Amino acid sequence: MPKVLVTATGHRGDDDPRFNPLREAGWEIKTHRWPGGRPDDEEVIELINGYDAVIASSNERYTRTVFERADTVKHVARWGVGYETVDVPAASDNGVLVTTTQGSNHWAVADHAWALMLAVSRRIVELDKIGRSRTWTRPLAVDVWQKTLGVVGLGRIGRGVAQRAYGFEMKVVAYEPYPDPAFNEKWNIELVDSVEEVFRRADIVTLHAPGDNVMLANAERLALMKPTAFLINTARGSLVDEDALYEALTAKKIAGAGLDVREHEPPEDDRDDRFFALPNVVLTPHISGSTNEAQAVSAVMVVEQIMASNRGEMPHGLHNPEIWDRRRK
């Protein structure tokens with residue numbers, strides 16, 4: 001009987017009815033929740049060894065050591081679209097499939113990007129604290145309506161963010177190396193030739209580029225932004241140089257930031273914590289893609305991925321298809 005371990009935080013325990021298709025196909029299912037913090041390699045190896053597949057959270061890291069020593073695991077299926085915690089080359093070297101639930105939450109992330117835009121520009125967190133007090137002051141916020149939105153990356157999420165700007169009568173400028181001309185024309189998006197042009201022109205810059213664009217928002221590009229502009233990141237923590245962003249915020253070179261993703265998740269030390277004290281920053285805990293609706297879609301997709309690979313069918317969302325014919329048996 002094949003065995004699957006579920007560490008993804010979206011599960012509802014061993015009897016989660018969303019895993020019924022796996023049970024009916026003969027899989028033994030065990031769920032686990034990490035008590036807090038990030039487990040080390042030894043803890044991960046001890047937990048997952050003996051299982052054929054893992055429906056994985058973003059808490060545990062799948063390193064080369066993990067793949068080499070947890071040698072029963074044939075498939076790591078991330079319940080979500082991110083895979084920064086999975087060493088994909090190491091998985092490939094050890095014949096382990098790596099999948100993510102691509103397309104399961106793009107609308108939710110686009111919504112959250114907008115939530116951060118409005119929260120930071122309209123000072124919602126600050127105003128909430130005032131509204132809960134008996135001493136009301138009324139610090140002024142700034143409009144989003146009819147401003148210029150800069151979108152870096154027009155994949156599913158970036159396109160969703162750009163579409164939502166239509167209702168705010170915003171000018172949208174975007175950088176995308178593989179553009180869809182029909183989409184851009186329909187939504188009146190101006191495609192520019194460089195990331196720098198987006199940073200220079202936008203009142204709000206929102207990042208939706210792949211995580212391998214390390215330090216995309218660096219000191220040089222942040223210096224191009226207007227002092228009234230905001231930076232939003234719901235993509236990957238690796239896209240932002242946090243030292244440069246902190247300096248830009250504290251020196252009032254930009255007006256604020258909304259961050260759902262960080263370089264270290266969760267924050268590890270005082271250096272990570274320095275953003276906590278800044279009133280012009282809104283922070284959320286890498287939650288943009290986690291809504292009830294998105295979780296439901298992810299659950300269906302991740303179950304089908306496990307079942308498909310076990311049936312000998314290449315699963316959707318496979319990040320190392322080159323190893324399909326030499327995967328662990």
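Procedures and definitions
- Numbers given to residues run from 1 along each chain, matching the order in which its sequence is written.
- Given that the model is predicted, a residue must reach a pLDDT of at least 70 before its local features are reported, and side-chain atom pairs must reach 80 or more before they are shown or counted; all residues, however, enter totals for whole chains, interfaces and linings.
- Side-chain measures were taken over the full set of non-hydrogen atoms in the model, leaving aside hydrogen atoms and water.
- We call a set of buried Ala, Val, Leu, Ile, Met, Phe, Trp, Tyr and Cys residues a nonpolar core when their side-chain atoms join them within 4.5 Å.
- Relative accessibility under 20% of the residue-type maximum defines a buried residue, over 50% an exposed one, and the middle range a partly exposed one, all with a 1.4 Å probe and only protein chains included.
- For helices the rule is a DSSP run of H or I covering at least 4 residues; for strands it is a run of E covering at least 2, with both sets numbered from the N terminus onward.
- It only takes one pair of heavy atoms within 4.5 Å for two residues to be counted as in contact.
- Here the term patch refers to residues with relative accessible area over 30% and no salt bridge, with like charges joined within 9 Å and nonpolar side chains (Val, Leu, Ile, Met, Phe, Trp, Tyr) within 5 Å.
- Where accessible areas are quoted, they stem from the Shrake-Rupley method and a 1.4 Å probe; at the residue level, only the protein chains shown are allowed to cover.
- For salt bridges, the criterion is a side-chain nitrogen of Lys or Arg within 4 Å of an Asp or Glu carboxyl oxygen.
- Note that His is not counted, nor are the chain ends; the positive residues are Lys and Arg, and the negative ones are Asp and Glu.
- For the purpose of locating charges, the reference atoms are NZ of Lys, CZ of Arg, CG of Asp and CD of Glu.
- Residues are called lining when one of their atoms sits within 4 Å of a cavity or pocket point, these points coming from a 1 Å grid over the protein atoms alone, where a cavity is a set in which a 1.4 Å probe fits but cannot get out and a pocket is an open set with protein on both sides within 12 Å along at least five of seven lines.
- Grid points are joined across faces, edges and corners, and a volume is the space filled by probe spheres set on the points.
- Following the grouping adopted for this structure description, the nonpolar residues are Ala, Val, Leu, Ile, Met, Phe, Trp, Tyr, Cys and Pro, the charged ones are Asp, Glu, Lys and Arg, and the polar ones are all others, Gly among them.
- Two strands qualify as a pair provided DSSP detects at least 2 bridges between them.
- Axis definition: a line fit to C-alpha positions, over the contact stretch in the case of helices; interaxial angles, taken between N-to-C directions, run 0 to 180 degrees.

A. Geometry of the nonpolar core. Ranked by size, the top nonpolar core spans 29 residues in total, and within it V152, F199, V205, L207, L231 and L245 carry the most contacts. Within the residue set of this core, elements represented by two or more residues are helix 9 (195-201), strand 9 (204-207), helix 11 (242-250) and strand 11 (256-259). Per-element accounting of this core gives the leading share, four residues, to helix 11. Ignoring any residue separated from it by four or fewer positions in sequence, one finds L207 in contact with V152, F199, L216, A217, L231, I232, N233, T234, A235, L239 and V240.

B. Examining the side chain of T85 more closely. For T85, the location among the structural elements is in the loop between strand 4 (75-78) and helix 4 (88-93). For T85, a relative accessible area of 10% translates into the label buried.

C. Layout of a negative patch on the surface. On the surface, E263, E268, D269 and D270 cluster together into a patch of negative charge. With respect to the helices and strands, the residue D269 is situated in the loop between strand 11 and helix 12 (270-273).

D. Structural detail: empty space enclosed by the protein. One pass over the full model with this rule turns up one cavity of 30 Å³ or more. Taken together, N233, G237, V240, E242, L245, L259 and V261 make up the lining of the largest cavity. Grouping the amino acids of the lining of the largest cavity by side-chain chemistry returns four nonpolar, two polar and one charged.

E. Representation of the sheet that holds strand 7 (residues 171-175). In space, the seven strands of this open sheet follow the order 8-7-6-9-10-11-12, with parallel pairing throughout. At either margin of the open sheet sits one strand with a lone partner, and together these are strand 8 (189-191) and strand 12 (281-283). Pairwise comparison of adjacent strand axes, ignoring direction, gives a mean angle of 15 degrees for this sheet. Relative to strand 9, strand 6 (residues 148-152) runs parallel, the two being bridged by four bridges. Residue pairing for strand 9: V151 is matched across the bridge by T206.

In short, the description is geometric, and any link to function would need to be established separately.
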